[in-house]
Amino acid sequence: MSKKITGKYICKDCNKEFEWQYIIPNKISDSIYKVHKLSENVVGIRVLETDENKFPIAAIAYCPECGFPNQLNSDDLKEFNN
Ligand SMILES: [Zn+2]
């Protein structure tokens, strides 16, 4: 099973709050063969860097309102780890 993390972020550009979601692949092959569908109004994040457990520590989340690329750091991402 893959692990899903979600969180909320307020866009730095337009101040609108949006929800983001990221699915940590269990194995590298999982990400190739499985297509995960995100919920509506939830944006996927582009992970730039992960730790040794494949947990994202730096990512970009594009605002669904204005398209601004918000940079999420490890604090933004860890807060919602569950
Ligand atoms: Zn925005």
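Because the structure is a prediction, the values reported are computed rather than measured.

Here we look at the overall build of the protein chain
So, step 1. On a plain count of helices and strands, the protein chain comes out with two helices and five strands.
So, step 2. Secondary structure elements of the protein chain occur, N-terminal to C-terminal, as β-β-α-β-β-β-α.
So, step 3. Within the protein chain, contacts between residues separated by at least 24 positions form 38% of all contacts whose residues are at least 6 apart in sequence.
So, step 4. Just so you have it, the protein chain exposes about 5,600 Å², and 47% of that area is on carbon and sulfur atoms.

Here we look at the coordination of the zinc ion
So, step 1. Within the protein, Cys11 (SG), Cys14 (SG), Cys63 (SG) and Cys66 (SG) serve as the donor atoms for the zinc ion, at 2.3 Å.
So, step 2. Of note is the zinc ion, whose four donor atoms meet at the metal with angles of 105 to 116° in an arrangement that counts as tetrahedral.
So, step 3. Each donor residue of the zinc ion belongs to the same chain, with the gaps between them written as C-x2-C-x48-C-x2-C.

Description of the pairing of strand β5 (residues 69-73)
So, step 1. Across the two faces of β5 the burial differs, with Asn70 and Leu72 buried and Pro69, Gln71 and Asn73 not buried at all.
So, step 2. Judged from the five bridges that link them, strand β4 (residues 56-62) and β5 form a sheet pairing that is antiparallel. Along β5, the bridge assignment pairs tyrosine 62 with proline 69.
So, step 3. Hairpin connection, β4 to β5: the antiparallel pair is bridged by six residues, and glycine 67 has positive phi, about 80°.

Cut-offs used in this document
Residues numbered from 1 in each chain as written. Predicted model: local features only at pLDDT ≥ 70, side-chain atom pairs only at ≥ 80, totals over all residues. Heavy atoms only, no water. Helix = DSSP H or I, 4+ residues; strand = E, 2+ residues; numbered from the N terminus. Contact = heavy atoms within 4.5 Å. Areas by Shrake-Rupley, 256 points an atom, 1.4 Å probe, with all protein chains shown as cover. Donors = N, O, S within 2.8 Å, 3.2 Å for Na, K, Ca; no water. Tetrahedral: all angles 85-135°; square planar, octahedral: opposite > 155°, others 65-115°. Buried < 20%, exposed > 50% of the residue type's maximum accessible area, 1.4 Å probe, protein only. Pairing = 2+ DSSP bridges.

By themselves, these are just geometric observations and shouldn't be taken as functional.
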